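Read off the chains here:
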Amino acid sequence: MKGLMKGLGVTFKNMTQKKVTYRYPDVPLEMPDRFRGIQYLDPDKCIVCNQCARICPTDCITLTGKPNPDPEKRVKLVDTFDINFEICILCDFCTEVCPTEAIVMTNNFELATYSRDELYKDKDWLFANNQNIRKENNSALPKGGAKKDA
Amino acid sequence: MTGWLPGPITWQSFTLYFLVSVAFLLVILGYVTYAIYFERKVIGWMQGRHGPNRVGPLGLLQTVADVAKLLIKEDTIPKKAQRDLFILAPVISFVPSFVVLATIPFTETLYFADLNVGILYYVALSSISTIGIILGGWASNNKYALLGGMRSAAQMISYEIPLVISVVGVIMLSGSLQLSAIVEGQSGGFWNWNFLPQIIGFIVFIVAAVSELNRTPFDLPEAESELVAGYHVEYSGFRFAFFMLAEYVYVFAIASLTTVLFLGGWHPPFPFLDFIPGILWFLLKFSFVVFFLFWLRATFPRVRVDQLMGLGWKVLLPLSLVNIFITAIVYEIFFR
């Protein structure tokens, strides 16, 4: 009997308590900086090393390169770079393995669409996804990234 | 409205009755709409949420949207169901819930039929709803619906008995089965209200009423987290809406009955507050009872099925019987 009264008291007090819900669809959620969201790609940094595609556990990354127009340089330029977000599990492997940090995580996560085709994101879309980029991208490296100008 | 009912039924008076009942039905529907809204809001607040707030200003149209959704849904009747009974069951369970409201006096002048056997009328008709529930379960031709209907009927019948017997104390105190006479007997301040001398009866009545309403913590027939719904598994669309409507109209009926029997009806808690009209006092007490039911739902976990019958037969029934004897003894010794 005492317990029942106590329970009623708890719920009654909770009525005036501050609400714990977020106003999410109206106000965007702020994710912490280590959040694994949709990748941002900087095509200028990409050296087409294919490491991201090789490490990807779900094989959702496909990329092709093209020869550098400057014949002096042997580094290739990225031609196409697609991530299939139908199967991407946002595991962060591609961004960890990337030697130039051309591909990094952002805090964005809203991927819902009406059509599955729209989940196939290309180079330009990923480049345009430049909001809320993760600030520190590889905790193993010293700050600023060691091999940035490869 | 007293003068109308005993007179002969002519086309004129019939039309009048009909219009008044339709108006009252609309009032009840409005009540149910906002009772559901209020329930969801209160439960939301108690759980640190806001409750519905997207449809209309402050979410006020949420229930309207939900009901509109139910009404435009496909009306499915299972192929192997007993078609006639399946259609009849929601009607049987709804009609008594609306009809019992006729005998409830809201104020001295605002009532429909001030029967001299008001309580008996209420109890007798409200138990017909159980038939609707068991019919719905049986006619669905579905094992879950049948089991849910059986459980529901067992629960409602077992708790009907302590519910009725706990009221006997009130009847003994006021010497009448007429609801308006019972309210008259409670005039002159809250110390005359029946819930004080009949505190045991009051508690038994509340517990039995919550169980009778199939509401948490006695919502085993529905038990959304454990069962596949219960007696209304096979119902959809507006037939399902009728079962839900019956449930909420019973909330209205039980809250009114509690107000009338134990909380002094339309009488103010202190005699000097008489200038405030009785209907406001009635509404205030009524809303408190409704709020209390929602509060219980937000607080308590569900009773286990093996504890359910034990509580009804071994605790509430003896308590209400003891209440009758105590009332009789105290009444004989001190008040005669």
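Residues numbered from 1 in each chain as written. Chains lettered and ligands numbered in written order. Predicted model: local features only at pLDDT ≥ 70, side-chain atom pairs only at ≥ 80, totals over all residues. Heavy atoms only, no water.

Caption draft 1: Structural detail: the overall build of chain A. Secondary structure assignment for chain A yields four helices and five strands. When the helices and strands of chain A are placed in sequence order, the string is α-β-α-β-β-α-β-β-α. Against the globule reference of 15 Å for 150 residues, chain A gives a C-alpha radius of gyration of 22 Å, more extended than a compact globule. Principal-axis analysis of the C-alpha atoms places the extent of chain A at approximately 85 × 40 × 25 Å. Looking at chain A as a whole, 34% of its 150 residues are labelled buried. When contacts within chain A are restricted to residue pairs at least 6 apart in sequence, those whose partners lie at least 24 apart make up 75%. Accessible area of chain A: about 10300 Å², with a carbon and sulfur share of 54%. Taken as two groups, the 22 positive and 21 negative side-chain charges of chain A have centres that lie 11 Å from each other. (Helix = DSSP H or I, 4+ residues; strand = E, 2+ residues; numbered from the N terminus. Rg over C-alpha atoms; globule rule 2.2 N^0.38 Å. Buried < 20%, exposed > 50% of the residue type's maximum accessible area, 1.4 Å probe, protein only. Contact = heavy atoms within 4.5 Å. Areas by Shrake-Rupley, 256 points an atom, 1.4 Å probe, with all protein chains shown as cover. Lys, Arg positive; Asp, Glu negative; His and termini not counted. Charge placed at Lys NZ, Arg CZ, Asp CG, Glu CD.)

Caption draft 2: Representation of the pattern of salt bridges within the structure. All names here are of chain A. In this structure the tally under the stated criterion is ten salt bridges over all chains. Residue R116 is joined to E86 by a salt bridge in which the shortest nitrogen-to-oxygen separation is 2.7 Å. Of this pair, R116 sits in the loop between β4 (103-105) and β5 (120-121) while E86 sits in the loop between β3 (77-84) and α3 (93-97), and the two are 30 residues apart along the sequence. E86 sits in the partly exposed class, given a relative accessible area of 37%. The salt bridge partner of R134 is D92, with a shortest N-O separation of 3.3 Å. Pair noted here: R134 is in the segment after α4 (123-128) and D92 is in the loop between β3 and α3, with a separation of 42 residues, a long-range link. (Salt bridge = Lys/Arg side-chain N within 4 Å of Asp/Glu carboxyl O.)

Caption draft 3: Representation of the confidence of the model for chain A in the model. Considering every residue of chain A, the mean pLDDT works out to 86; 91% of them sit at 70 or more. Taking the mean pLDDT of every element in chain A, the minimum, 90, falls on helix α1 (residues 2-14) of chain A and the maximum, 93, on helix α2 (residues 51-55) of chain A. (pLDDT = per-residue confidence, 0-100.)

Caption draft 4: Just the interface of chain B and chain A, in detail. Across the boundary between the two partners, chain B contributes 14 residues, which contact twelve residues of chain A. Of the roughly 1200 Å² buried between chain B and chain A, counting both surfaces, carbon and sulfur atoms make up 70%. Connecting chain B to chain A are one salt bridge. Seen at the junction of chain B and chain A, the total is six residue pairs in polar contact (both at pLDDT 80 or more). For the side of chain B that touches chain A, the secondary-structure elements that each account for two or more residues are α1 (11-46) and α10 (278-299) of chain B. The dominant element in the side of chain B that touches chain A, judged by the number of residues it contributes, is α10 of chain B, at six residues. Partitioning the side of chain B that touches chain A into residue classes produces nine nonpolar, three polar and two charged. (Buried area = accessible area lost by both parts, 1.4 Å probe. Polar contact = N/O pair within 3.5 Å; in protein donor to acceptor, adjacent residues only side chain to side chain. Nonpolar A, V, L, I, M, F, W, Y, C, P; charged D, E, K, R; others polar.)

Caption draft 5: How the structure looks around the sheet that holds strand β2 (residues 61-66) of chain A. Residues and elements named next belong to chain A. A sheet is described by the order of its strands in space; here three strands give the open sequence β2-β3-β5, paired in antiparallel fashion. Here the strands that pair on one side only, and so sit at the sheet edges, are β2 and β5. Where β2 and β3 come together, six bridges link them in antiparallel fashion. The residue of β3 that forms the bridge with G65 is V78. (Pairing = 2+ DSSP bridges.)

Caption draft 6: Fine view of the packing of helix α3 (residues 83-99) of chain B against helix α5 (residues 128-139) of chain B. Residue and element names in this part refer to chain B. Two numbers describe how α3 lies on α5: the axes approach to 8 Å, and their chain directions differ by 160 degrees. With respect to α5, the axis of α3 lies roughly antiparallel. Of the two possible hands of crossing, α3 and α5 adopt the one that is left-handed. Between α3, through L85, F86, A89, I92, S93, P96 and S97, and α5, the contact on the second element is made entirely by I128, S129, I131, G132, I133, L135, G136, W138 and A139. The residue makeup of the contact of α3 with α5, split by class, is eleven nonpolar, five polar and no charged. (Axes fitted to C-alpha atoms, helices over the stretch in contact; angles between N-to-C directions. Parallel < 35°, antiparallel > 145°, perpendicular 65-115°, else oblique. Left-handed = near helix turned anticlockwise from the far one by under 90°.)

Caption draft 7: Examining the packing of aromatic side chains more closely. Residues and elements named next belong to chain B. What the rule picks out here adds up to 36 aromatic pairs over all chains. Seen from their ring centres, Y231 and F243 are 5.2 Å apart, and the 75 degrees between their planes marks the pair as edge-to-face. Placement of the pair is Y231 in the loop between α8 (199-212) and α9 (237-262) and F243 in helix α9, with a sequence separation of twelve residues. We classify Y231 as buried; its relative accessible area is 1%. (Phe/Tyr/Trp six-rings, centres within 6.5 Å; stacked < 30°, edge-to-face > 60°.)

Caption draft 8: Summary view of the nonpolar core. Ranked by size, the top nonpolar core spans 71 residues in total, and within it I28, Y31, V32, L101, Y122, L179 and L261 of chain B carry the most contacts. Here this core gets 14 residues from one element, more than from any other, and that element is α9 of chain B. The contact partners of Y122 of chain B, leaving out residues within four places of it in the chain, are V100, Y250, A253, I254 and L257 of chain B. One finds C46, C52, V78 and F81 of chain A within the second-largest nonpolar core, a separate group that totals 23 residues. (Core = buried A, V, L, I, M, F, W, Y, C linked by side-chain atoms within 4.5 Å.)

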